[in-house]
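# Chain and residue survey
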Amino acid sequence: MTIALSQFNEVRLDRVSRDFGALNALRDVSLTVQRGEFIALLGPSGCGKSTTLNCVAGLLPVTGGAIWLDKSRVDTLRPEERGFGMVFQNYALFPHLNVRQNIGFGLKMRGRPKAEIDRKVDEAISLVRLGGQENKLPGQLSGGQQQRVAIARAIVIEPPLVLMDEPLSNLDAKLRLEMRAEIRRIHNQLGATTIYVTHDQDEALSLADRIVVLKDGIVRQVGTPKELYDAPTHLDVADFMGFRNRLKGRVISHENGRVLLDVEGAQIGGMARERVSTGSSAYASIRPDDLVAGEPGPNALAVTVDTIEYRGREFVGTAHSKGGLDFVFRSHQEVAPGSPIHLRADDSRVLVFAEPVQGRA
Amino acid sequence: MDVLAPTPAVIAGPSLRQRLASRGFDAVTLLVVPAAIFSLVLFVYPFAFGFVLSFEPKAGGDWLANYRRFFSDPFLYETIAKTLWLAVPVTILNLLLAVPIAFRVRLMRRQRLLTTILVLPITLGTVLVAEGLLNYLGPQGWFNRTLMTVGLIDQPLKLVHNYWGVFASLVITGFPFTFLLTLSYVTGIDPALEQAGATLGANAWQRFRHIYLPLLMPGFAITFCLSFVQAFSVFPSAVLLGAPAGPTRVISIAAYQAAFEEYDYSMASAVAMIMGFVQLGIVVAVLASRGLFYRGPASGAKG
Amino acid sequence: MIRDTTLGSKLWAVAVWTMVGFFVVNLFAMIGTVVTSSFATRWLGTWLPAGWTTRWYSSAWSEFQLGDVLLVTFQVVGAVVLISGALGVTAAYALARRDFPGKRMLLLLFLLPLLIPPITFGIPLATVLYQTGLAGTFWGVVVANLVPTVPFVILLMILFIEQIDPKIEAAARVFGANTFKLFIHVLLPLLLPGILAALLLVLVRTIAMFELTFLVAGPTSQTLVVALYYAVFAAGVRAVQSIDAMAVVYMVTTLVWLIIALRFVNPTQIVTRAKQQPAH
């Protein structure tokens, strides 16, 4: 394999901001990406993740801050001067160029000799396993094949940094899993430094070395997939990491990070993720996986079952409490809709967050 | 691996280039400048120049002398009525013909043959149509011969060098124009709307009256305006096919004669301005009445 | 599509098709009259001429100096096509890709010459061109014809350019194309069908553009359609057949290009593409 990526140590975003008129799409985003790292930018739509990527690519000028590649500042460069590779959401393949020409485009722009272009394009084609499709136009390829062309086009120029903007969002569920594995494989093979934008937490968890969670243009948390999954430090991050049950309650007591909440008269114990004070409102966040139908007792809430779905090994149900809270839970047995049950979760699996300022839910 | 370490470095604010770019001004925007200058110099400036010139009469007199002369000389002011007397009936007729035909053609799978045939007279232009009609509608032409053979008439109809010759030429060139515009509006409406109407029990007339008509009114208004403006500026056929000294002495002939027979550009400009304002007046009146109708996205007739 | 099968709607359909048929028959009969007459030896008071000949074409060719006129026509048309293409495509690109203050005003400015009939703005334009001494010259005719064609190209090309995903341009930039390379390697190949269509339509329109050319042309700078007008205007002077031969030459010149243009565009577009804008 001779696709060798440019040598550098880090890409640094230094308090990058981007305004659209009065709207702050990005506020003081700082992030350092080490060589070889796979970083996922995760967040809901409109959180600023694609804006960040476009700022790094140079497609959007930043309105504040700077972007550094080691010691050279790149945010003042035009996109064609930065030399990054990018995989676009709809692939943005050149419709009038065939697979070879699409992949070779970046090298041609760089004025490389034809022999070198041919050799590198061949390598890239075999890397993304597109042998036999070289002379087809993008319109004749399937979604997955177009995706492979887009990836090959981005890596063949041996960029210091590969940017991927929701590359899997246009594929159907099965193909998405397949291409996810492909991206992983190609990353392992080349070690390309990658910034990957997605709104799918599974993608981020399975691909990334580190995940950056963005919301409203602000970085909420940065960490390894395991850190984020087990220990979100922010209610929004917890939401995004699958803590779908959010119970509002009042703090009865707290000690050494353990909190006791009063939720509709029941006592729920959990682990404090933010500072809380006795008597104040707080949220308990629980994954559906950790909320199990069971017997009455400590850490248990009385609810009425609304729906129940069979999911192979077990059942997943929805329920509501008399106070109007909604729940998603799992159960080993089928429970009839309308029947009263108790839901309980282990203390250690309940995360407690302070109520956000201004009551922003 | 400190990721969020704030950097103390002072970062300069956005440059002028960035600030302009954020408002939409950059090198790409400048590409519009040559065409914009061209339009200003060759379209806006002549209009403004003509407007000013029309207030500087060649023969002397006060600044309104040209306009006073126009509105006091029946040979001049009657051209407005004569032009309207041609343009308004022709436009209404063209639109009345175009709408039902467009609704029928919309159902055709192979519209292209018909649209190609109809684009012929537009492409050939008014001069050729005038020459063709001179022969065709003349007393010995095929049209009169056919009518006489069929027995509808005994004497050839006088169809050229009068009002009807110009009228016919305006239909030949104007109808295709009106029709193609109407067709593009009619086909721009989602057929699912009509199908929805049918499932709700509307018959053909009710579907036209309650679904298509309200959605198409804005399009029809614009079609009317554009067709009218074309008809109002009739020139070569009024000279060649009509009676340019009599009933088809239209306003463009008056403007042309002022400019190229009397060499009075000031008067010519005044006539052109009057022509422009009459057109504008009718267009504004029609478009203003458009405000009475639904004006939303459903026309969807864009390319 | 819903088709009614009641008697009333069938009668209605017959009535509509009769109208279409009447129009088309008269149109072809009119064209046929011109063509027949141009080949007629003598044609008075009969259905068909007494005999057939092609001599009117050679006499029209020399009487009306058709060689010179055609040469001028193609020179004017060529210049108009090239200049309106260069000005129009660049401006259309800016208008399709950028939002800037005053853009709506600018679009209106480009729309007006298409909505206002040429004779209305032609008279003040001719006045200005006579004052500057451009009228009567070759370039005066070209400039006058550009007034509606530049906006026509702009409005048509905006629609074509908007169909190209801006992400494709972004991709080209990211992969190292500067503005020039972007244009050569990506935009031009993608826009070529659109540019070709727009320019062919400009060509057809310019051949047939009577009013503007008529108002500013001098004896050596008149195009075929203006020469035809003068011939018809002075009809008593020349034989009708000779004028008709010239009319046929004009028709053929126009229709050849129309047929080529129709390979790239839908006939409806000749009228509607640019005209639909004011609806919004």
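Going along each chain's sequence as written, the residues are numbered from 1 onward. Following the order in which they are written, the chains are lettered starting with A and the ligands numbered starting with 1. Confidence filtering applies because this is a predicted model: local features only for residues at pLDDT of at least 70, side-chain atom pairs given and counted only at 80 or more, and all residues used for totals across whole chains, interfaces and linings. Hydrogens and water are ignored here; the side-chain numbers use all heavy atoms of the structure.

### What to know about the overall build of chain C
For clarity, the threshold we go by: Numbered from the N terminus, helices here are DSSP runs of H or I no shorter than four residues, and strands are runs of E no shorter than two. Exposure categories follow from relative accessible area, calculated using a 1.4 Å probe and restricted to protein chains: below 20% of the type maximum is buried, above 50% is exposed, and the middle band is partly exposed. By definition, residues are in contact when any of their heavy atoms lie within 4.5 Å.
If you tally the helices and strands in chain C, you get 12 helices and 0 strands. Along its sequence from the N terminus, chain C presents helices and strands in the succession α-α-α-α-α-α-α-α-α-α-α-α. C-alpha atoms of chain C, sized along the principal axes, occupy 75 × 65 × 35 Å. Counting only residues that meet the buried cut, chain C has 61% of its 280 residues in that class. For chain C, the proportion of contacts with a sequence separation of at least 24, taken over those separated by at least 6, is 73%.

### Observations regarding the overall build of chain A
Using the following cut-off: Exposure was quantified through the Shrake-Rupley algorithm and a 1.4 Å probe, taking into account, for residues, occlusion by the shown protein chains and nothing else. Positive residues here are Lys and Arg, negative ones are Asp and Glu, while His and the chain termini are left out of the count. Note that the charge is assigned to NZ on lysines, CZ on arginines, CG on aspartates and CD on glutamates.
On a plain count of helices and strands, chain A comes out with 9 helices and 20 strands. If you line up chain A on its principal axes, its C-alpha atoms span 75 × 45 × 35 Å. The buried share of chain A, taken over its 361 residues, is 54%. Counted over contacts in chain A with a minimum sequence separation of 6, partners at least 24 positions apart contribute 68%. In the structure as shown, chain A presents an accessible area of about 15,400 Å², 49% of it carried by carbon and sulfur atoms. Separation between the mean location of the 45 positive side-chain charges and that of the 44 negative ones in chain A comes to 4 Å.

### Some words on the packing of aromatic side chains
Aromatic ring pairs: the centre-centre distance and the angle between the two ring planes describe each pair. Test applied: Centres within 6.5 Å make a pair out of two Phe, Tyr or Trp rings, where for Trp the six-membered ring is used; the pair is then stacked when the planes are under 30 degrees apart, edge-to-face when over 60, and tilted otherwise. Either the NZ atom of lysine or the CZ atom of arginine qualifies as a charge over a ring when it sits within 6 Å of the ring centre and within 35 degrees of the ring normal.
If you walk through the whole model with that rule in mind, you get 38 aromatic pairs over all chains. Considering the side-chain rings of F39 of chain C and Y57 of chain C, the 5.1 Å spacing of their centres and the 40° angle between planes classify their relative orientation as tilted. Taken together, the positions of F39 of chain C in the loop between α1 (7–38) and α2 (55–63) and Y57 of chain C in helix α2 put the pair 18 residues apart, joining distant regions of the chain. Consider the rings of F214 of chain C and Y230 of chain C, whose centres lie 5.7 Å apart with planes at 45°: the pair is tilted. One end of the pair, F214 of chain C, is in helix α9 (residues 211–216); the other, Y230 of chain C, is in helix α10 (residues 224–233), with 16 residues separating them in the sequence. F214 of chain C gets classed as buried once you look at its relative accessible area, which sits at 5%. Given the relative accessible area of 36%, Y230 of chain C is considered partly exposed. One aromatic cluster is present, built from ring pairs that chain together F235, Y256, F260 and Y265 of chain B together with Y130, F210, F214, Y229, Y230 and F233 of chain C. The ring of Y229 of chain A has R287 of chain A lying over it, and the distance from NZ or CZ to the ring centre is 3.5 Å.

### Notes on unusual backbone geometry
Residues and elements named next belong to chain A. The backbone of R15 sits at a positive phi, close to 45°, despite the residue not being glycine. Secondary-structure assignment places R15 in strand β1 (residues 10–20). By relative accessible area, R15 is classed as partly exposed at 32%. Notably, D216 is not glycine yet its phi reads approximately 50°, a positive angle. By the element assignment, D216 lies in the loop between β9 (210–215) and β10 (218–223). Accessibility expressed as a relative area gives 35% for D216, which makes it partly exposed.

### Focus on the domain arrangement of chain A
Residues and elements named next belong to chain A. We apply this condition: As annotated, the domain borders come from an automatic or database domain assignment. Amino acid classes used here: Ala, Val, Leu, Ile, Met, Phe, Trp, Tyr, Cys and Pro are nonpolar; Asp, Glu, Lys and Arg are charged; the rest, including Gly, are polar.
Looking at the assigned domains, one finds that chain A contains domain 1 (10–236) and domain 2 (245–359). If you average the C-alpha positions of domain 1 and of domain 2, the two centres end up 38 Å apart. The interface is formed by 8 residues belonging to domain 1 together with 9 residues belonging to domain 2. At the level of secondary structure, the elements contributing two or more residues to the side of domain 1 that touches domain 2 comprise α8 (225–230) and α9 (235–240). Partitioning the side of domain 1 that touches domain 2 into residue classes produces 4 nonpolar, 2 polar and 2 charged.

### Here we look at the interface of chain C and chain B
As a reminder, the rule being used: Here a salt bridge means any side-chain nitrogen of Lys or Arg lying within 4 Å of a carboxyl oxygen belonging to Asp or Glu. N or O atoms within 3.5 Å of each other form a polar contact, as long as, within protein, one can give a hydrogen and the other can take it, and as long as residues adjacent in sequence are counted only when both atoms are side-chain atoms.
In this assembly, 99 residues from chain C lie in contact with 101 residues from chain B. Our count for the chain C to chain B interface comes out at 0 salt bridges. Applying the counting criterion to the chain C and chain B interface returns 7 residue pairs in polar contact (both at pLDDT 80 or more). Here the side of chain C that touches chain B takes 21 residues from α1 of chain C, the largest share from any one element. Partitioning the side of chain C that touches chain B into residue classes produces 72 nonpolar, 18 polar and 9 charged.

### Regarding the domain arrangement of chain C
All names here are of chain C. Where we set the bar: Accessible-area loss on putting two parts together, using a 1.4 Å probe and summing over both, is the definition of buried area adopted here.
As assigned here, chain C comprises domain 1 (1–53) and domain 2 (57–279). In this structure, domain 1 and domain 2 have C-alpha centres spaced 31 Å apart. Summing both sides of the interface, domain 1 and domain 2 together bury roughly 610 Å²; the carbon and sulfur share of this comes to 64%. By the criterion of area lost to domain 2, the three top residues of domain 1 are V34, S37 and S38, representing 64% of everything that side buries.

### Considering the sheet that holds strand β5 (residues 72–73) of chain A
Residue and element names in this part refer to chain A. The following threshold applies: Between any two strands, pairing holds if DSSP finds at least two bridges. Helix axes use the C-alpha atoms of the stretch in contact, all axes being lines fitted to C-alpha atoms, and the angles between their N-to-C directions lie in the range 0 to 180 degrees.
Spatial ordering of the open sheet is given by β2-β1-β4-β5, a layout of 4 strands whose pairing is antiparallel. A single partner strand is all that each edge strand has here, and the edge strands are β2 (23–34) and β5. On the sheet, helix α1 (residues 49–57) packs against β1, β2 and β4 (64–69) and is oriented at approximately 115° with respect to β1.

### Some thoughts on the pattern of salt bridges
All names here are of chain A. Taken as a whole, this structure holds 34 salt bridges over all chains when the rule is applied. Of the charged contacts, one joins K120 and E116 as a salt bridge, the two residues approaching to 3.0 Å between their closest N and O atoms. One end of the pair, K120, and the other, E116, are both in helix α4 (residues 114–127), 4 residues apart, so they sit about a helical turn from each other. Given the relative accessible area of 18%, E116 is considered buried. Between K215 and D236 there is a salt bridge, with its nearest N and O atoms 3.5 Å apart. Linking K215 in strand β9 with D236 in helix α9, this pair joins segments that are 21 residues apart in sequence. Taking the relative accessible area as the measure of exposure, K215 reaches 21% and is therefore partly exposed. Residue D236 is classed as buried on the basis of its relative accessible area of 10%. Here the salt bridges share partners, and the residues they tie into one network are R129, R148, E178, E182 and R185.

### Let's talk about the environment of P49 of chain C
Residues and elements named next belong to chain C. Assignment of secondary structure puts P49 in the loop between α1 and α2. In this structure, the C-alpha to C-alpha distance between P49 and S84, residues 35 residues apart in sequence, is 45 Å. P49 has contacts with T36, A40, R42 and W43, leaving out every residue within four places of it along the chain.

### So, helix α8 (residues 179–208) of chain C
Because an α-helix packs 3.6 residues into every turn, residues spaced three or four apart end up facing the same way. Quick note on the threshold: For a helix, the expected span equals 1.5 Å multiplied by the number of residues minus one. Here the bend at a residue means the angle between the axes of two seven-residue stretches, the one that ends at it and the one that starts at it.
For α8 of chain C, built from 30 residues, the straight-helix expectation of 44 Å at 1.5 Å per residue is missed by more than 12%, its first-to-last C-alpha distance being only 37 Å. The largest bend in α8 of chain C amounts to roughly 55° and is located at L192 of chain C, with the proline P193 of chain C lying one to four residues further along.

### Digging into the sheet that holds strand β11 (residues 245–255) of chain A
All names here are of chain A. Judged by pairing direction, the barrel is mixed, and its 5 strands sit side by side in the order β11-β12-β13-β20-β14 before closing back on the first. On average, each strand axis in the sheet is inclined to that of its neighbour by 55°, with strand direction left out of account. Inspection of the sheet shows strand β13 (residues 266–272) paired to strand β20 (residues 351–354) by 2 bridges, in the parallel sense. Looking at the pairing, A272 lines up with V352 of β20.

### Things to note about the packing of helix α3 (residues 99–109) of chain A against α8 of chain C
The relative placement of two packed helices is expressed as an angle between their axes plus a distance between the axes. Formally: Relative orientations are named as follows: roughly parallel for angles under 35 degrees, roughly antiparallel for angles over 145 degrees, roughly perpendicular for angles from 65 to 115 degrees, and oblique for any other angle. The hand of a helix crossing depends on one turn: near helix anticlockwise from the far one by less than a right angle means left-handed, and clockwise means right-handed.
The contact between α3 of chain A and α8 of chain C brings their axes to 12 Å, and the two run at 155°. Classified by the angle their axes make, α3 of chain A and α8 of chain C are roughly antiparallel. Crossing of α3 of chain A against α8 of chain C: the hand is right-handed. Each of F105, K108 and M109 of chain A in α3 of chain A lies in contact with α8 of chain C, whose residues at this interface are K181, H185 and V186 of chain C.

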